[in-house]
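Fold and contact review
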Amino acid sequence: MVGISLKMPEPLATEVAAVANHRGISKSALIREAIETFLNGDSADHPRSALDLVADLVGACEGPEDLSVNKKYMEGFGE
């Protein structure tokens, strides 16, 4: 394994230590796991599209079912 030096703010270092201690692993193992998860795109905290960002809002509003395809709703728009 290759060694690397990392500096982080004290609050983050405290949180890393607490999570590593709670999980019973080293801080290095926790950081490696977090980096691998981030690089593999497995993290749910990182939406990949606009739909991912608003997925919980889809269907939350009432309105006409054909709003996106019926041209009558655009009559007079921009005049």
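Residues numbered from 1 in each chain as written. Predicted model: local features only at pLDDT ≥ 70, side-chain atom pairs only at ≥ 80, totals over all residues. Heavy atoms only, no water.

**What to know about the packing of helix α1 (residues 10–23) against helix α2 (residues 27–40)**
When two helices pack together, their arrangement is captured by the angle between the axes and the distance separating the axes. Put simply, α1 and α2 touch, their axes get as near as 9 Å, and they point 100 degrees apart. With respect to their mutual orientation, α1 and α2 come out roughly perpendicular. Packed against α1, whose contacting residues are Val16, Ala17, Val19, Ala20 and Arg23, the element α2 presents Lys27, Leu30, Ile31 and Glu33 at the interface. Taken together, the residues of the contact of α1 with α2 break down into 6 nonpolar, no polar and 3 charged. (Axes fitted to C-alpha atoms, helices over the stretch in contact; angles between N-to-C directions. Helix = DSSP H or I, 4+ residues; strand = E, 2+ residues; numbered from the N terminus. Parallel < 35°, antiparallel > 145°, perpendicular 65-115°, else oblique. Contact = heavy atoms within 4.5 Å. Nonpolar A, V, L, I, M, F, W, Y, C, P; charged D, E, K, R; others polar.)

**What about the confidence of the model for the chain?**
On average, the chain scores 87 in pLDDT, and the residues at 70 or more come to 92%. By mean pLDDT, the top-scoring element of the chain is α1 (96), and the lowest-scoring one is helix α3 (residues 50–54) (83). (pLDDT = per-residue confidence, 0-100.)

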